[in-house]
Amino acid sequence: MTTTPPTDRPSETTYSARGSNYVLRKFFVGEGGVDANPEAEQWNRAVDHGFHGPEPTREATGHILDSMRNSGVRLRAAYTADPVPTAALGADRPVATFCSWDSELTVCPGVGIPAWLISEVTVRPTHARRGLLRRLMTDDLTEAHERGFPVAALTASEATIYGRFGFGAGTFNTEITVDAHTRLQLKAPTVGTVEMADNEAVARLAPEIFARFHEGTAGSVTRQDKWWGLVSGAWDWHAGKADPEIRTAVHYDDAGRADGYVSYKFLPTQGFEGALKVVDLVSPSWQGRIALWEYLCNLDLVTEVRYGSAPMEDPLMWGMVDMSKYTVRKRFERVWLRVLDPVAALSARRYTSHRRITVSIVDSMGFADGLYEIDTTGAETRVERVGDRPRTQDDLAGKSMPAVELPEGADVALNVDSLGSLYLGAVKASTLYHGGLLKVRDEDALRDIQALMSTPTDPYCISPF
Ligand SMILES: CC(=O)SCCNC(=O)CCNC(=O)[C@H](O)C(C)(C)COP(=O)(O)OP(=O)(O)OC[C@H]1O[C@@H](n2cnc3c(N)ncnc32)[C@H](O)[C@@H]1OP(=O)(O)O
């Protein structure tokens, strides 16, 4: 097996496992669309295979490659280096895909940190469980760490896969329906006005409105360009075609400034009546969001409104006269967070409590492993790596998720995936403690970490990626 150091330039290396040989490549989408990027086109086909989707059309591939090029997405792929039997997919079709790009994560209102986003992870079933994912993930996270990214993030197809790579569920959403048979009655009047809008005009407004939402919302990540086509119906990247059924509306504040939009489509179920599905609903303020909900629920012929990116604790529900009309269909983890640099990540967020504690972080991949002191007692937060963590039996056995032990000198110990969940307040420290995922020196230490890590609101992300 040979390796080359990670760089943000195209690179190539080799990998062998269980008698099979692979070439691993990292590359970028260049100018010239599908014709000029045959390697990226094959990569995109492999992604669709990996998620059991249909063969992408040339037009759909063109849109995806453009979006990836505009966002500087780095593509990783594994190709078989062994002879390909007759009728098997050609050697130019990757057996594994992976990509990542630079983004920003809001950690508290007004404060964003660089985040390394990962997506499109697939391994062809006939090449699975040979360590290809582990190898691609290790290469990619190593590069992110070397380039100084405090965190990496992804959205997971299965909750069981990514903990071993140090990712913890960092933000949650709910899928909701609001019964709209009668007009939405709210306890407090809404502010501003809502107008039905021109889709193309909304596509132009949307990036600025989203940027204001993003800046003010812990847990939000920046979006790729492809979102604005989705919002306006010009291009639905999930469906691989334009969507002429998309309708939009804009919310204006009392000064007449556009400060929110909703993009939605009608799903007729019984004659003229039916459900509305929200595609995207964005405003920097809850008042704007609730006003857009009022607009949606008060449309004639609409029996219910469905939304897949509601927050865990929704001001809309608490504002409704009849909260029984608000139904949570599903709760799911959205952003999985992986702390790569605890000093940078923990220094960036705000703390409302003044404490000094020493935390032992267990990271089987090594990036964040060690003892750290967090001190918020002074005028400025100070986070410092103060030493190595003593090796345990599980470390020596090479376990990817070692059991957490409290070393001497530490007040608190936890695995790096738990830190990802604690970081923006998706979970309380006491919940992790009761689940056996966090060890503490004594009750005072538990109280300290609980107070230190608590956040004023749940983290919230409305941008699957
Ligand atoms: C961020 C995203 O894109 S999410 C989308 C993920 N992709 C999919 O769901 C598409 C269908 N699945 C696949 O393509 C593949 O099965 C993958 C990507 C999930 C796994 O790829 P593989 O190359 O088989 O994984 P690899 O052999 O490197 O295994 C790495 C580790 O993950 C574990 N693992 C792999 N797949 C799974 C799984 N589905 N559930 C739980 N654990 C898993 C392995 O046991 C192994 O554990 P260990 O290293 O601690 O012993």
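This one's a predicted model, so the numbers in the text were calculated from it and none came from an experiment.

Enquirer: So what's going on with the UniProt feature "domain: Eis-like acetyltransferase" (unreviewed entry) in the protein? Which residues, and what values?
Expert: Mapped onto the present numbering, the UniProt feature "domain: Eis-like acetyltransferase" (unreviewed entry) falls at residues 219-330. For residues 219-330, the helix share is 21%, the strand share is 38%, and the end-to-end C-alpha distance is 19 Å.

Enquirer: Any details on the domain arrangement of the protein? Residues and values, ideally.
Expert: Accessible area lost upon the coming together of the parts serves often as the stated size of an interface. When cut into domains, the protein gives domain 1 (11-158), domain 2 (173-333) and domain 3 (342-453). Centre-to-centre separation of domain 1 and domain 3, based on C-alpha positions: 32 Å. Taken together, the contact pairs 14 residues of domain 1 with ten residues of domain 3. Of the roughly 960 Å² buried where domain 1 meets domain 3, counting both sides, 73% is carbon and sulfur surface. Mapped onto the side of domain 1 that touches domain 3, the elements with two or more residues apiece are strand 4 (96-108), strand 5 (111-123) and helix 4 (132-146). By residue number, the principal contributor to the side of domain 1 that touches domain 3 is helix 4, which donates five residues. Residues of the side of domain 1 that touches domain 3, tallied by class, amount to nine nonpolar, four polar and one charged.

Enquirer: Describe helix 2 (residues 38-50), listing the residues and the values that go with them.
Expert: Helix length check: helix 2 (13 residues) gives 18 Å between terminal C-alpha atoms against 18 Å at 1.5 Å per residue, within 8%. Inspection of helix 2 places Ala40, Glu41, Gln42, Trp43, Asn44, Arg45, Ala46 and Val47 among the buried residues, and these make up the whole buried set. Looking at the buried positions of helix 2, the neighbouring elements they touch are strand 2 (20-28), helix 1 (33-36), helix 3 (58-70), strand 3 (74-80), strand 4 and strand 5.

Enquirer: If you had to explain the packing of aromatic side chains to someone new, which residues and values would you point to?
Expert: Scanning the entire structure with this criterion turns up twelve aromatic pairs. Here Trp101 and Phe465 contribute two aromatic rings whose centre-to-centre distance is 6.1 Å and whose plane-to-plane angle is 90 degrees, an arrangement assigned as edge-to-face. One end of the pair, Trp101, is in strand 4; the other, Phe465, is in the segment after helix 13 (443-453), with 364 residues separating them in the sequence. Classification of Trp101 as buried rests on a relative accessible area of 6%. Residue Phe465 is classed as buried on the basis of its relative accessible area, which comes to 18%. On the numbers, 5.9 Å between centres and 40 degrees between planes, the contact of Phe210 with Phe213 is tilted.

Enquirer: Can you explain the sheet that holds strand 8 (residues 172-179)? Please cite residues and give values.
Expert: Spatially, seven strands are ordered 9-10-11-12-13-8-14 in an open sheet, and the strand pairing comes out mixed. Strands at the two margins of the open sheet, each flanked by one partner only, are strand 9 (193-197) and strand 14 (326-333). On average, adjacent strands in this sheet sit at an angle of 25 degrees to one another, irrespective of strand direction. One ladder, built from seven bridges, connects strand 8 with strand 14; its direction is antiparallel. Bridged to Thr174 within strand 14 is Arg331. Those strands touched by helix 5 (residues 199-216) are strand 9, strand 10 (247-252), strand 11 (258-270) and strand 12 (273-282), and its axis lies near 120 degrees from that of strand 11.

Enquirer: Any chance you could break down the UniProt feature "domain: Enhanced intracellular survival protein" (unreviewed entry) in the protein for me, citing the residues and the numbers?
Expert: Feature annotation in UniProt assigns "domain: Enhanced intracellular survival protein" (unreviewed entry) to the following positions: residues 344-461. Annotated as 28% helix and 22% strand, the span residues 344-461 places its first and last C-alpha atoms 21 Å apart.

Enquirer: Describe in detail the pattern of salt bridges, supporting the description with residues and values.
Expert: Under the criterion given, the structure shown has 34 salt bridges. Ionic pairing is found between Asp35 and Arg58, a salt bridge with its closest N-O pair at 2.3 Å. With a gap of 23 residues between them, Asp35 in helix 1 and Arg58 in helix 3 connect regions that are remote in the sequence. Judged by its relative accessible area of 61%, Asp35 falls in the exposed class.

Enquirer: So what's going on with the site of the ligand? Residues and values would help.
Expert: Val121, Val123, Arg129, Arg134 and Ser157 are the nearest of the 23 residues found near the ligand. Contact distances for the ligand include 2.8 Å between an oxygen atom and a backbone N or O atom of Val123. Summarising the interface, the protein chains cover 79% of the accessible area of the ligand, which totals 970 Å² for the free molecule. Looking at the shell around the ligand, the elements with two or more residues in it are strand 5 and helix 4.

Rules behind the numbers
- Residues numbered from 1 in each chain as written.
- Predicted model: local features only at pLDDT ≥ 70, side-chain atom pairs only at ≥ 80, totals over all residues.
- Heavy atoms only, no water.
- UniProt positions renumbered as here; feature names shortened; annotations may be inferred.
- Helix = DSSP H or I, 4+ residues; strand = E, 2+ residues; numbered from the N terminus.
- Domains from an automatic or database assignment.
- Contact = heavy atoms within 4.5 Å.
- Buried area = accessible area lost by both parts, 1.4 Å probe.
- Nonpolar A, V, L, I, M, F, W, Y, C, P; charged D, E, K, R; others polar.
- Expected span 1.5 Å × (residues − 1).
- Buried < 20%, exposed > 50% of the residue type's maximum accessible area, 1.4 Å probe, protein only.
- Phe/Tyr/Trp six-rings, centres within 6.5 Å; stacked < 30°, edge-to-face > 60°.
- Pairing = 2+ DSSP bridges.
- Axes fitted to C-alpha atoms, helices over the stretch in contact; angles between N-to-C directions.
- Salt bridge = Lys/Arg side-chain N within 4 Å of Asp/Glu carboxyl O.
- Near = heavy atom within 4 Å.
- Polar contact = N/O pair within 3.5 Å; in protein donor to acceptor, adjacent residues only side chain to side chain.
- Areas by Shrake-Rupley, 256 points an atom, 1.4 Å probe, with all protein chains shown as cover.

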